[in-house]
Structures are given as C-alpha cells and as structure tokens.
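The residues making up each chain are set out below.
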Amino acid sequence: MTTTAPASSAPTAAAPAGLTPEQRRSKALRRFALSITVLNILGLTWLGFEQAYVTPFVAVAAAYATELLLESADAAAHRRRPRYLGSFGQVLDFMLPAHITGLACSMLLFASDRLLPVAFAAAVGIGSKYVVRARVRGRLQHVLNPSNTGIVVTLLLYDWVGIAPPYEFTEYAPGILRWVIPLAVLVAGTLLNAKLTRKMPLLLGWAGGFVLQAVVRSLFTDAWIVGALTPMTGVAFILYTNYMISDPGTTPFAPRRQFAFGLGIAVAYGVLMVLHISFGLFFALGIVCAVRWLALVTLPVTRPLMDRFGRARAAGEAL
C-alpha cells in the first residue's frame, strides 16, 4: 500500500553490505507489489473480499493511465527523458508504485457496485505525487502517501463510500488459518521493514503511541481500554502498519524523526477518536503527512529563525 521514493533520496550510510540503496529500494518495491497482488487475488477468490472482480482492474488501469500522462507532462515541462522509457527493470520499478496504489485503493475502499470512486481514488493518489511536493535532502519529491491520499480525498468527497470491512481479510478462512494469516502478514511485513525499508523506529513509534493513546482515552474518556486496543489484533491494522505508514518515499529517514512521525500518527488518531470521527487511521496519516509537507516547504523561512534563536540563546547563556 505504499509507493517508494527515488532511490537517490535514501540514506546511503544505512545500506547493508552487498546491497546498494537502489537495489534495496527495488527489492522492497517488488516485494510490496507482489504481496499486494497475491493478497488481492486470494482475497477476491477465497478470503472474502466484497469488491467486484473488475474493481482492481479498473483501479490499476486508472493509476497506470494517470502515472503515464503526468510523467509525460512533467518530463516535457522539465525537458527530460520520461522515466518509462528506460530498461525493462527501470520501467517495471517506475510503474510498480502505480500498481500498488491502484490495488490498495481497490482493496481498502468499498463503493458497492460503483467503479468511479475507486478509479478516482487511484488517480488522485498518483496525481498527488506530481502536485504536492517538497525539497527533501536537496531533491524535489512527493511527501503525501499516494494510496492514503486517494482514499482520504474519496472519503471526503463521496460520503456514501466507506472502508472495506476488516473481517473480509479472514472471512472464509477455515479454523486455524484465521490465526495463521495475520501472523504471516505480520512476520513478512516486519521483516520487509527491518531489512529493506529500515522503518522500524517509525513502526515502534506508531505501535507504542497507539497503546499510549488507548490508555489515555480510557483514563480521561468513557473509552474501554480493551476496545481501544482491539484494532491492533486485526489484519487491517497489521497491513496499515507494515504496508501503509512505512512508505519509504513519504516518511522521514532519521530514526528519531521516524519515531516522531509514527507517534504523531497515533496522537492524531487518538484525537480523531475522541472527536468521534470515522476512518481515523487514514485521516491521521493524511494529517501527519500534510503537517510534514508544510514543515518542509516553510523550512527556508523557519530554519534561519531557529538558527538565530539558537545563537541568541547561546550568547545569553555565555554572559
């Protein structure tokens, strides 16, 4: 459910021996794409997904078309070669984010028998990559999670569209498989983020923050602590944790900032729950991504002010 940032933006110092940042990025991207493709196939044919069979095809087609159209326009505007004209591997890695976004929107949204909202979500998600950008480590890149952005905008504009029911991920799985499936998704996603995306600090901040907000809500509101923590046991939460919020292209690099990013999502989610706002997971991630984008685009103004404040404070302490 994520799309990966340009490899050059990855921290080179963190590359494991024998694997360059570009190779690690490509490997993670292809595993993400394979995982979500297999999950969609199993979900529609066996697990209990309630979307129409044609829905993922429409969503992916909309994502592909939007990606190719906007990449052509962006390449023409900046007089560069479109990224879909490279080698097979380069073209594959360029198109996989659109593939992931399309399948994520198809899998997570439920619009009954309507296809337009899902196609709209996929197109908005890809479009956000070209419209909402900020300079990160000297490179202009998108900062909003594409899949989540498409879902959030669709939920806001189509009030009759909802999120797919969480039970669909194990609805028809027999017996012990209802326990094996979440465990397998958890292990696979955790290993992927530990070895390739390097987003474990973010996940720890998110998981720890989720528990903390549940405890705080149970202490200061009428929320039941067990009920507030129960979402963590579902496949939907595991997928959201390991495949949505850990998007390498739209999250910080430094471990401390990763942790703050994950914790911020949990705090935003807790506030949304107190305000009784539905679909809190998706709105919380959208809020934190928007705040990060705002911080990045205002950095040329805020950084000199912070530096000046720091020098003045140091001079005052020296007196």
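Values in this document were obtained by computation on a predicted structure and should not be read as measured data.

Quick notes on the overall build of the protein
- A tally of regular secondary structure across the protein gives twelve helices and four strands.
- For a compact globule of 319 residues, the expected C-alpha radius of gyration is about 20 Å, and the protein comes in at 20 Å, within 12% of that figure.
- The principal-axis extents of the C-alpha atoms in the protein amount to approximately 70 × 55 × 45 Å.
- Classification of the 319 residues of the protein by burial places 46% in the buried group.
- A sequence separation of at least 24 residues applies to 74% of the contacts in the protein between residues at least 6 apart.
- Approximately 16,000 Å² of the protein is accessible, and the part contributed by carbon and sulfur atoms is 70%.
- Side chains of the protein give 27 positive and 14 negative charges; the mean places of these two sets differ by 13 Å.

Remarks on empty space enclosed by the protein
- Applying the stated criterion across every chain, the model contains one cavity of 30 Å³ or more.
- Reported here for the largest cavity is a volume of approximately 30 Å³.
- What lines the largest cavity is Gln51, Thr55, Leu109, Phe110, Ala111, Ser112, Arg114 and Val118.
- Its residues assigned to classes, the lining of the largest cavity shows four nonpolar, three polar and one charged.

Focus on the layout of surface pockets
- The space that makes up the second largest pocket amounts to roughly 510 Å³.
- What lines the second largest pocket is a set of 15 residues, and nearest its centre among them are Pro252, Arg257, Arg292, Ala295 and Leu296.
- Examining the composition of the lining of the second largest pocket, we find that five residues originate from one element, helix 11 (residues 280-297), more than from any other.
- Its residues assigned to classes, the lining of the second largest pocket comprises ten nonpolar, no polar and five charged.

Observations concerning the packing of helix 7 (residues 200-220) against helix 10 (residues 255-274)
- For the pair helix 7 and helix 10, interaxial distance at closest approach is 7 Å and the crossing angle is 30°. By the angle between their axes, helix 7 is roughly parallel relative to helix 10. Of the two possible hands of crossing, helix 7 and helix 10 adopt the one that is right-handed. Residues Met200, Pro201, Leu202, Leu204, Gly205, Trp206, Gly209, Phe210, Gln213 and Arg217 of helix 7 pack against Pro255, Gln258, Phe259, Phe261, Gly262, Leu263, Ile265, Ala266, Tyr269, Gly270, Met273 and Val274 of helix 10.
- The residue inventory of the contact of helix 7 with helix 10, partitioned by class, reads 15 nonpolar, six polar and one charged.

What about the pattern of salt bridges?
- Inspection of every chain in the model, using the stated rule, returns six salt bridges.
- For Asp74, the salt bridge identified is with Arg133, shortest N-O distance 3.8 Å. In this pair, Asp74 is assigned in helix 2 (residues 55-77) and Arg133 in strand 2 (residues 133-136), connecting sequence segments 59 residues apart.
- For Asp74, a relative accessible area of 13% corresponds to the buried category.
- A relative accessible area of 23% means that Arg133 is categorised as partly exposed.
- Among the ionic contacts, a cluster of salt bridges with common partners joins Glu71, Asp74, Arg80, Arg83 and Arg133.

Examining a positive patch on the surface
- Side chains of Arg137, Arg256, Arg257 and Arg303 sit close together on the surface and give a patch of like positive charge.
- Tracing the backbone through its elements, the reader meets Arg137 in the loop between strand 2 and strand 3 (139-142).

Notes on unusual backbone geometry
- Phi is positive for Ser112, which is not a glycine, with a value near 60°.
- Note on Ser112: relative accessible area 45%, which makes it partly exposed.
- Its identity is not glycine, yet Phe279 carries a phi of approximately 55°, on the positive side.
- As for its position among the elements, Phe279 is in the loop between helix 10 and helix 11.

Definitions and cut-offs
Residues numbered from 1 in each chain as written. Predicted model: local features only at pLDDT ≥ 70, side-chain atom pairs only at ≥ 80, totals over all residues. Heavy atoms only, no water. Helix = DSSP H or I, 4+ residues; strand = E, 2+ residues; numbered from the N terminus. Rg over C-alpha atoms; globule rule 2.2 N^0.38 Å. Buried < 20%, exposed > 50% of the residue type's maximum accessible area, 1.4 Å probe, protein only. Contact = heavy atoms within 4.5 Å. Areas by Shrake-Rupley, 256 points an atom, 1.4 Å probe, with all protein chains shown as cover. Lys, Arg positive; Asp, Glu negative; His and termini not counted. Charge placed at Lys NZ, Arg CZ, Asp CG, Glu CD. 1 Å grid on protein atoms, 1.4 Å probe; cavity = no way out; pocket = protein on both sides within 12 Å on 5 of 7 lines; lining within 4 Å. Points joined across faces, edges and corners; volume = space filled by probe spheres on them. Nonpolar A, V, L, I, M, F, W, Y, C, P; charged D, E, K, R; others polar. Axes fitted to C-alpha atoms, helices over the stretch in contact; angles between N-to-C directions. Parallel < 35°, antiparallel > 145°, perpendicular 65-115°, else oblique. Left-handed = near helix turned anticlockwise from the far one by under 90°. Salt bridge = Lys/Arg side-chain N within 4 Å of Asp/Glu carboxyl O. Patch = residues over 30% accessible without salt bridge, like charges linked within 9 Å, V, L, I, M, F, W, Y side chains within 5 Å.

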